[in-house]
Amino acid sequence: MPLFSVPKEVAVGTAMLGVAFATGLLAGKRYPFLVFGSSKPHKSIIGKSSPLWQYILDHSLREHPVLKKLRLLTADYPWGKMMVSCDQAQFMANLIKLIKAKKVIEVGVLTGYNALSMALALPDNGRVIACDINEDYAKIGKPLWKEAGVDHKIDLRIKPATQTLDELLAGGEAETFDFAFIDADKESYNEYYEKCLRLIKKGGIIAIDNVLRGGRVLKPRKDDLETQSIHHLNEKLVRDARVNISMIPMGDGVTLVFKL
Ligand SMILES: C[S@@+](CC[C@H](N)C(=O)[O-])C[C@H]1O[C@@H](n2cnc3c(N)ncnc32)[C@H](O)[C@@H]1O
């Protein structure tokens, strides 16, 4: 007679919980973002409700008051989670200052949180070519670009980004840009990358967003064409002799491409 007897269902349930817990621990050791965040699609590797995320912001973020206003305004919309993370925008603004950039491109603008952040980092004669297909998002941000006093630096082009990039190339602007940020429809990333690579100068930088896709690049599903596309680009970039790269686990993963 066992000392404790439990119904079979309880024993099976407890065993399953134990296996799930052990698997979680192992997954957490190998892929810590699965513990801080979640394995489901989301924008940041470190979940935005994590105390560690708050610590990062408390100890690094110096956000312009109008940028903060735009971030809070954008976050109020159901699609607001598409916005770039504020620490990543600050990181890119610091890079822009470091390389003394004058001309930059953004592919995918939304309300322009990052476009505004870049404009604030540029000199007064600097220019952001901001590409989006949807003007409704930008209309929300535009008054704040003005309030920050940098709207004259943001040149918004509403049409498919491939078309804008082709027009810049056709207009003789190849090798004249210092920095590009790619953050639009994922299936076109390779095309954006190739065009931006022609548009930036030697020594220029391209930042490519969402390169980890909430961890889904580890095992892209056949029906997840966006993750497949990013994964193929990641595989190409690591072998691309035209550039040096760094893949940074910030936001949803950002690859910095340095043109040789
Ligand atoms: C992730 S959001 C961009 C976020 C933005 N970089 C920020 O600072 O918050 C993606 C944007 O890409 C735009 N987009 C989608 N397809 C596009 C295309 N073919 N050409 C240009 N923009 C596109 C969407 O309208 C959306 O505003």
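In what follows, the structure referred to is the one given above.
Residues numbered from 1 in each chain as written. Predicted model: local features only at pLDDT ≥ 70, side-chain atom pairs only at ≥ 80, totals over all residues. Heavy atoms only, no water.

(A) Quick look at the packing of helix α5 (residues 86-98) against helix α6 (residues 113-121). Between α5 and α6, the least distance of the axes is 9 Å, while the angle of their chain directions is 30°. On the basis of the axis angle, α5 is roughly parallel to α6. Taken as a pair, α5 and α6 cross one another with a handedness that is right-handed. When α5 is examined against α6, the residues Cys86, Ala89, Met92, Ala93, Ile96 and Lys97 are found in contact with a partner set consisting of Tyr113, Asn114, Ser117, Met118 and Ala121. (Axes fitted to C-alpha atoms, helices over the stretch in contact; angles between N-to-C directions. Helix = DSSP H or I, 4+ residues; strand = E, 2+ residues; numbered from the N terminus. Parallel < 35°, antiparallel > 145°, perpendicular 65-115°, else oblique. Left-handed = near helix turned anticlockwise from the far one by under 90°. Contact = heavy atoms within 4.5 Å.)

(B) Quick look at the pattern of salt bridges. Applying the stated criterion to the full structure yields 19 salt bridges. In this structure, Lys236 and Glu194 form a salt bridge, with 2.5 Å as the shortest nitrogen-oxygen distance. With Lys236 in helix α10 (residues 225-237) and Glu194 in helix α9 (residues 189-199), this residue pair connects regions lying 42 residues apart in the sequence. On the basis of relative accessible area, Lys236 is assigned to the partly exposed category, the value being 27%. Put simply, Arg242 and Glu194 hold a salt bridge, and the shortest N to O gap is 2.9 Å. You can see Arg242 sitting in the loop between α10 and β6 (243-248) and its partner Glu194 sitting in helix α9, a full 48 residues away along the chain. For Arg242, a relative accessible area of 38% puts it in the partly exposed group. Salt bridges sharing partners connect three or more residues here, namely Lys103, Arg127, Asp155, Arg157 and Glu173. (Salt bridge = Lys/Arg side-chain N within 4 Å of Asp/Glu carboxyl O. Buried < 20%, exposed > 50% of the residue type's maximum accessible area, 1.4 Å probe, protein only.)

(C) Representation of the layout of surface pockets within the structure. In this model, the second largest pocket occupies a volume close to 240 Å³. Taken together, 15 residues form the lining of the second largest pocket, with Arg62, Leu67, Gln90, Ala93 and Lys97 sitting closest to its centre. For the lining of the second largest pocket, the secondary-structure elements that each account for two or more residues are α5 and α6. Considering only residue class, the lining of the second largest pocket consists of eight nonpolar, four polar and three charged. (1 Å grid on protein atoms, 1.4 Å probe; cavity = no way out; pocket = protein on both sides within 12 Å on 5 of 7 lines; lining within 4 Å. Points joined across faces, edges and corners; volume = space filled by probe spheres on them. Nonpolar A, V, L, I, M, F, W, Y, C, P; charged D, E, K, R; others polar.)

(D) Representation of the pairing of strand β2 (residues 127-132) within the structure. Most of β2 sits inside the fold, with five of its six residues counted as buried. Sheet topology note: the strand β1 (residues 103-107)/β2 ladder contains five bridges and is parallel. Counted as the bridge partner of Val104 is Val128 from β2. Between β1 and its parallel partner β2, the chain crosses via α6, and the hand of that crossover is right-handed. Bridging between β2 and strand β3 (residues 154-158) involves five bridges; their strand directions are parallel. Residue pairing in the sheet places Ile129 in a bridge with Asp155 of β3. (Pairing = 2+ DSSP bridges. Right-handed = clockwise from strand over helix to strand, strands pointing away.)

(E) Spotlight on the sheet that holds strand β7 (residues 254-259). Ordered by their spatial adjacency, seven strands build an open sheet running β3-β2-β1-β4-β5-β7-β6, and the pairing between neighbours is mixed. Single-partner strands in this sheet number two, and they are β3 and β6. Each strand axis lies, on average, 15° off the axis of its neighbour in the sheet, ignoring direction. For strand β4 (residues 177-182) and strand β5 (residues 200-209), the ladder comprises five bridges, and the chain directions are parallel. Its bridge partner being in β5, Ala180 is matched across the sheet by Ile206.

(F) Summary view of helix α7 (residues 135-147). Given a rise of 1.5 Å per residue, 13 residues ought to cover 18 Å, and the 19 Å separating the end C-alpha atoms of α7 matches this to within 8%. The largest bend in α7 is about 35°, located at Gly141, with the proline Pro143 one to four residues further on. Listed in full, the buried residues belonging to α7 are Tyr137, Ala138, Gly141, Leu144 and Trp145. The secondary structure elements touched by the buried residues of α7 are α4 (65-75), α6 and β3. N-cap assignment for α7: the residue whose side-chain oxygen lies 2.8 Å from the backbone N of Asp136 is Asn134. Backbone geometry just downstream of α7 places Gly149 in the positive-phi region, at approximately 80°. (Expected span 1.5 Å × (residues − 1). Bend = angle between axes of the 7 residues up to and from the residue. Polar contact = N/O pair within 3.5 Å; in protein donor to acceptor, adjacent residues only side chain to side chain.)

Nothing here speaks to function; it is all geometry.
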